[in-house]
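What the coordinates show
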Number of protein chains: 2
Amino acid sequence: MAKVLTSRSESYAQWYNDLVLKADLAENSSVRGCMVIKPYGYAIWEKMQRVLDDMFKETGHVNAYFPLFIPKSFFSKEAAHVDGFAKECAIVTHYRLKNDPDGKGVIVDPDAKLEEEYIVRPTSETIIWNTYKNWIQSYRDLPILVNQWANVVRWEMRTRLFLRTAEFLWQEGHTAHSTKEEAIKETETMLGVYANFAEQWMAMPVVQGYKTANERFAGALETLTIEALMQDGKALQSGTSHFLGQNFAKAFDVTFTNKEGKIEHVWATSWGVSTRLMGALIMTHSDDNGLVLPPKLAPTQVVIVPIYKKDEELSKISEVAEKLVTELKLRGISVKYDDDDKRKPGWKFAEYELKGVPVRLAIGPRDLENGTVEVARRDTLTKEIMPLEGITGKIEALLNDIQENIFKKALDYRTEHTTKVDDYEEFKQLLDDKGGFFLCHWDGTSETEEKIKADTKATIRCIPLDAPDEEGKCMVTGKPSSKRVLFARSY
Amino acid sequence: MAKVLTSRSESYAQWYNDLVLKADLAENSSVRGCMVIKPYGYAIWEKMQRVLDDMFKETGHVNAYFPLFIPKSFFSKEAAHVDGFAKECAIVTHYRLKNDPDGKGVIVDPDAKLEEEYIVRPTSETIIWNTYKNWIQSYRDLPILVNQWANVVRWEMRTRLFLRTAEFLWQEGHTAHSTKEEAIKETETMLGVYANFAEQWMAMPVVQGYKTANERFAGALETLTIEALMQDGKALQSGTSHFLGQNFAKAFDVTFTNKEGKIEHVWATSWGVSTRLMGALIMTHSDDNGLVLPPKLAPTQVVIVPIYKKDEELSKISEVAEKLVTELKLRGISVKYDDDDKRKPGWKFAEYELKGVPVRLAIGPRDLENGTVEVARRDTLTKEIMPLEGITGKIEALLNDIQENIFKKALDYRTEHTTKVDDYEEFKQLLDDKGGFFLCHWDGTSETEEKIKADTKATIRCIPLDAPDEEGKCMVTGKPSSKRVLFARSY
Ligand SMILES: [Zn+2]
Ligand SMILES: [Zn+2]
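No experiment lies behind these values; they were computed from the predicted model shown.

Rules and cut-offs
Numbers given to residues run from 1 along each chain, matching the order in which its sequence is written. Just so you know, chain letters begin at A and ligand numbers begin at 1, following the order they were written in. Under the rules for a predicted model, residues below a pLDDT of 70 receive no local features and side-chain atom pairs below 80 are neither given nor counted, while totals for whole chains, interfaces and linings still include all residues. Side-chain figures throughout are based on the complete set of non-hydrogen atoms in the structure, without hydrogens or water. Note: metal donors comprise N, O and S atoms at 2.8 Å or less from the metal (3.2 Å for Na, K and Ca); water molecules are not included, so apparent gaps in a site are possible. Runs of E in the DSSP output that reach at least two residues are strands. Runs of H or I that reach at least four are helices, and both are numbered from the N terminus. Each residue is assigned to one of three classes by its accessible area relative to the maximum for its type, calculated with a 1.4 Å probe on protein chains only: buried under 20%, partly exposed between the two thresholds, exposed over 50%. Strands were regarded as paired on the criterion that DSSP finds at least two bridges between them. We define the nonpolar core as a collection of buried residues of types Ala, Val, Leu, Ile, Met, Phe, Trp, Tyr and Cys that are connected through side-chain atoms lying within 4.5 Å of one another. Here, two residues are considered to be in contact whenever any of their heavy atoms come within 4.5 Å of each other. In short, buried area is how much 1.4 Å probe accessible area vanishes from two parts on joining, totalled over both. By salt bridge we mean one thing: a side-chain nitrogen of Lys or Arg within 4 Å of a carboxyl oxygen of Asp or Glu. Between N-to-C directions, angles span 0 to 180 degrees; the directions come from axes that are lines fitted to C-alpha atoms, helices contributing only their stretch in contact. An angle below 35 degrees is treated as roughly parallel, one above 145 as roughly antiparallel, one from 65 to 115 as roughly perpendicular, and anything else as oblique. Crossing handedness: left-handed means the near helix sits turned counterclockwise from the far one by under a right angle, and right-handed means the same turn made clockwise. Gly is placed with the polar residues, together with every amino acid not listed as nonpolar (Ala, Val, Leu, Ile, Met, Phe, Trp, Tyr, Cys and Pro) or charged (Asp, Glu, Lys and Arg). Positive charges come from Lys and Arg, negative ones from Asp and Glu, while His and the chain ends are left out of the count. Pairs of N or O atoms within 3.5 Å make up the polar contacts considered here, provided that, within protein, one atom can donate a hydrogen while the other can accept it, and that residues adjacent in sequence are counted only when both atoms are side-chain atoms. We superpose the copies by least squares over the C-alpha atoms of residues that have a pLDDT of at least 70 in both of them. Aromatic contacts are taken between Phe, Tyr and Trp rings whose centres are within 6.5 Å, Trp giving its six-membered ring; a plane angle under 30 degrees counts as stacked, one over 60 as edge-to-face, and the others as tilted. A positively charged side chain is recorded as over a ring if its NZ (Lys) or CZ (Arg) lies within 6 Å of the ring centre. The angle to the ring normal must also be within 35 degrees.

Looking now at the coordination of the zinc ion (ligand 2). All names here are of chain B. Protein coordination at the zinc ion (ligand 2): the donors are Asp253 (OD) and His265 (NE2), at 2.1 to 2.3 Å from the metal. Note that Asp253 is positioned in the loop between α6 (247–251) and β13 (255–257) and His265 in strand β14 (residues 263–265), a separation of 12 residues in sequence. Under the relative-accessibility criterion, Asp253 is labelled partly exposed at 45%.

What follows concerns the pairing of strand β20 (residues 382–387) of chain A. The pairing of strand β19 (residues 372–377) of chain A with β20(A) spans 6 bridges and is classified as antiparallel. When the sheet's bridge partners are listed, Ala376(A) is paired in β20(A) with Lys383(A).

Turning our attention to the nonpolar core. Residues Phe69(A) and Phe69(B) are the most contacted members of the largest nonpolar core, which totals 98 residues. Residues in contact with Phe69(A), not counting those within four places in the same chain, are Val92(A), Tyr118(A), Ile119(A), Val120(A), Ile127(A), Val31(B), Cys34(B), Ala90(B), Val120(B), Val153(B) and Trp155(B).

A word on the interface of chain B and chain A. Every contact between the two is made by 66 residues of chain B and, on the other side, 66 residues of chain A. Between chain B and chain A lies a buried interface of about 5,700 Å² when both sides are counted; carbon and sulfur atoms form 65% of it. Ranking the residues of chain B by area buried against chain A places Tyr65(B), Ile91(B) and Leu97(B) at the top, with a combined share of 12%. Linking chain B to chain A there are 4 salt bridges. Residues Arg96(A) and Glu88(B) are paired through a salt bridge, measuring 3.1 Å at the closest nitrogen-oxygen approach.

What follows is about the packing of helix α8 (residues 311–330) of chain B against helix α11 (residues 391–416) of chain B. When two helices pack together, their arrangement is captured by the angle between the axes and the distance separating the axes. Residue and element names in this part refer to chain B. For the pair α8 and α11, interaxial distance at closest approach is 10 Å and the crossing angle is 50°. When the interaxial angle is binned, α8 and α11 end up oblique. Along this stretch, α8 crosses α11, giving a crossing that reads as right-handed. Contacts from Leu324, Glu327 and Leu328 of α8 reach α11 at Ile391, Thr392 and Ile395.

What follows covers the coordination of the zinc ion (ligand 1). Distances from the zinc ion (ligand 1) to its protein donors, Asp253(A) (OD) and His265(A) (NE2), fall at 2.2 Å. Taking relative accessible area as the criterion, His265(A) reaches 24% and is therefore assigned partly exposed.

Before going further, it helps to examine the pattern of salt bridges. Residues and elements named next belong to chain A. Enumeration according to the criterion identifies 56 salt bridges over all chains in this entry. A salt bridge links Lys38 to Asp24; the shortest N-O distance between them is 3.0 Å. Note that Lys38 is positioned in the loop between β2 (35–37) and α2 (39–58) and Asp24 in the loop between α1 (12–22) and β1 (26–28), a separation of 14 residues in sequence. Residue classification places Asp24 among the partly exposed positions, given a relative accessible area of 26%. Among the salt bridges present, the one from Arg96 reaches Asp109, with a minimum N-O distance of 2.8 Å. Note that Arg96 is positioned in strand β5 (residues 88–99) and Asp109 in the loop between β6 (106–108) and β7 (113–120), a separation of 13 residues in sequence. Given the relative accessible area of 5%, Asp109 is considered buried. What emerges from the salt-bridge pattern is a single network uniting Asp24, Glu27, Lys38, Glu351 and Lys355.

Residue and element names in this part refer to chain B. Helix α5 (residues 180–201) packs onto helix α2 (residues 39–58) with a crossing angle of 140° between their chain directions and a minimal axis gap of 11 Å. Handedness of the crossing formed by α2 with α5: right-handed. Of α5, the residues touching α2 (which contributes Met48, Val51, Leu52, Met55 and Phe56) are Met190, Val193, Tyr194, Asn196, Phe197 and Trp201. Residue composition of the contact of α2 with α5, by class: 10 nonpolar, 1 polar and no charged.

Our focus in this paragraph is unusual backbone geometry. Most peptide bonds take the trans configuration, and most residues that are not glycine carry a negative phi. Pro143(A) follows Leu142(A) through a cis peptide bond whose omega is -5°. Here Pro143(A) is to be found in the loop between α4 (125–135) and β8 (144–153). Residues other than glycine seldom take positive phi values, yet Phe162(A) does so here, at roughly 70°. Mapping Phe162(A) onto the fold places it in the loop between β8 and β9 (167–177). One non-glycine residue, Asp24(B), lies in positive phi territory at about 60°.

All right, on to the sheet that holds strand β20 (residues 382–387) of chain B then. Residue and element names in this part refer to chain B. The strand order across the open sheet formed by 5 strands is β17-β16-β18-β19-β20, and the pairing between neighbours is mixed. Bordering the open sheet on either side are β17 (335–337) and β20, each of which pairs with just one other strand. Geometrically, the sheet is characterised by an average inter-axis angle of 20° between neighbouring strands, direction not taken into account. Across the sheet, helix α9 (residues 345–354) lies against β16 (302–306), β17, β18 (359–363) and β19 (372–377), angled at about 170° from β16, the strand it touches most.

All names here are of chain B. Inspection of the secondary structure assignment puts Glu449 in helix α13 (residues 446–456). There is no salt bridge for the buried Glu449, and the closest opposite charge comes from Lys453, which lies 7.8 Å off by N-O distance. A distance of 2.5 Å separates the side chain of Glu449 from the side chain of Thr212, its partner in a polar contact. Sequence-distant contacts of Glu449, defined by excluding residues within four places in its chain, comprise Thr212, Asn214, Glu215, Trp442 and Ile460.

At an RMSD of 0.0 Å, chain B and chain A line up after a rotation of 180° and a shift of 0.0 Å along the axis. The superposition of one copy onto the other is thereby described by a two-fold rotation axis. Taking C-alpha positions as the reference, the residue of chain B nearest the rotation axis is Val92(B), at 2.1 Å. Both copies share a contact surface, since 100% of the interface residues of chain B are interface residues in chain A too.

Residue and element names in this part refer to chain A. One pass over the full model with this rule turns up 40 aromatic pairs over all chains. For the pair Tyr194 and Trp271, a centre-to-centre distance of 6.4 Å together with 65° between the ring planes defines the contact as edge-to-face. Residue Tyr194 is located in helix α5 (residues 180–201), and its partner Trp271 is located in strand β15 (residues 267–274); the two are separated by 77 residues in the primary sequence. Exposure remark for Tyr194: the relative accessible area of 2% places this residue in the buried category. Pairwise contacts between aromatic rings join Trp45, Phe56, Trp149, Tyr194 and Trp271 into one cluster. The aromatic ring of Trp15 is capped on one face by Arg8, whose charged end is 5.8 Å from the ring centroid. Just above the ring of Trp201 sits the side chain of Lys296; from NZ or CZ to the centre is 4.9 Å.

Set out below in structure tokens:
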């Protein structure tokens, strides 16, 4: 069968783009940099949303919704935020169209100019803290543990489906606390939620750590991150959780009366993951045949394909298949019986392989005679004939096995591609030759960090939470360092 | 206890606004016409979303996501759409801010002007049909049954929380079909889904019917609607389903090869409900004490309040209450035990009444002695002492009873406020004196419809699907009419 995807070895970037398009996940739209998320891609995103939303609620959060637009002046209120945040954004200046007096179309009505322009939210700290001002008077009003599912817009010049788009979908948590300690704990808790989601659901191992000052979110005192390693040896920042201190509270004058009757500024966090996770999911597991999905996030976990020549064969196979569908559904497994007679089995096999359905069952006349079924697993591309008797329990176990196997495979890849290096020349060489994560000593200065970035395009992805204390010397300057930090080139 | 709400008789509009604010459902934001949906309001909306989404999926639909922005030129492509659709919308003209050289803030970078302006979607037919063009070649690609959950913006001048806001949340279904019949059937199916949701879940009776040509969606050949009656005698359009014919397919040149190999234009529908349903829900059931929620959509269905003086009393009550919480949760009932010691029981009673929690249980020391619990229902504001033994089954039945009772109450109100009138002067009089729905004969012309609207502000809400054939004369012109249509003043 002709390959529909460019191979990863030929061009990883092209393979990724081919895959996103061919597996019907997303496509570019007529609007510069904005994507259409197609039903199959959206079904995966919905599963991710549902799991994350449950996790947020289990940790005490509630959802709310804040305006899409932010008055321009709000951006100037928090100095670090306005300086640090990219100024590429969508700006609403007018509020009415009118019929073109010279033609058939419509034009912007110049009389309908806004007094103050609105920015389409690139993130919502400012509008939310402006709102919290009215919600918070006393310590009794705290904490506020709110999350928002929303679309946001950042006018990116170079876009890639899911990984970097002008509009993307995300969730942004914005919490308010009476103490610094509680806010820091929240920042850590939510990073833990993200790491747990990435590893347990996406089957994607991540390194948890602190961003350096250079790489922090604009307005944050501390940014925590989870970093995943893609198959091309580049890192992908997959979720961030920010300790914002009292910066936004001070900018928007949000204070509360504490238990002692004293007025204090409120402590803040924010944290988010986006449709970028779709890119991470795709790149972590997929192969040259198409998508590989972790069973826990696959919209269809099992597909059953009948193999037949005559209609009477089909009807016998369908009887067995439909019983199997019922039994699998009872176990909470999502299953599709594809008896569409417009497509041949070979076409269907390739299609479900491309779409990453974890388990494919095929049933033919010989299986009926022998009481068997052919079981193919997507992750290893292996097939096995199994007895029909007791098959549902085996499939349930197989799905768990696939979930574990692809995590292990990704973890093994990461282990093999995490290198301790002490020499800067060796670092540069290995970056090009091997790629992956590098654990190196660094002197803790922004200057050195920037030099490394300028020399190599590698950045400090994070200072890992679990980095052991280890005396060493910065690989560039030779100055003392007390632990290794994580370097990589990144998306 | 002091009333926190303006009474309905004093000012229905003020009562509504008070209620939305005081029950923590939503509030106005700093952005003109845009609301903040607060966590309690959003929790109700989430419940509505989940139920509707399940219903859409049961009827074969899938979700997808299309861009927030629409190129201005797209609006000119479908002539009726551009003429009929309000031109008040948010227009993006620039894509970059820069630091103000004269000050501390930011200004719009005049160099970053878009070649073609983007409109923030007021509805997505144009961008979606522009996308479908690439998805559809053959009859095998049809039908496309896609829904989108999204935010949309219409620059309304006079806004009211949930009922009319510049930005609102909604779902918009956009389907593509190979035949006219199939598209019409889809339009009807989805109206049925909306009616079912309104009546079975929101406990809100609705009239299903056709809009007149004047009131149709811009670009639609037929608009179906569900119309509900509010307690002030005004109608609220609660959901619409449009048969769009081949208009959008022709505007965006979307064709398919049919089974006979001939090329045809595709048939379309669109259908939507929005956060406006929150307004309908609030106004249908609530009273001067606050919100009344149908149990099926209440975020908290049962609240338990301990009545105690001493800590040891509380600990005994808590033992009973927590057992009750576990039992109720096992039955799938959402329950909150409010043992917050910062608030008195009286405060809690008023709070949960205001927030419309359907059932409130109170347990005091005497209840412990007697093995009883005080059960208060929100809809009738009645209380009863019941034995603790077997209480969970009774509460489950009570929740069903409340759901049915508030539907019946709303239906009775509507029946009492639906009047057949044959005389125009009487019609005008009753509109002012009694309000509600009016079933009248109409000659079928736009002129008469417009005259009635100009005279009375009443419009034809719909031509009911179940309107019986009945010979009559138009109440204005005396011309013949074959069925009565539904008039009302409306939101
Ligand atoms: Zn201040
Ligand atoms: Zn055409």
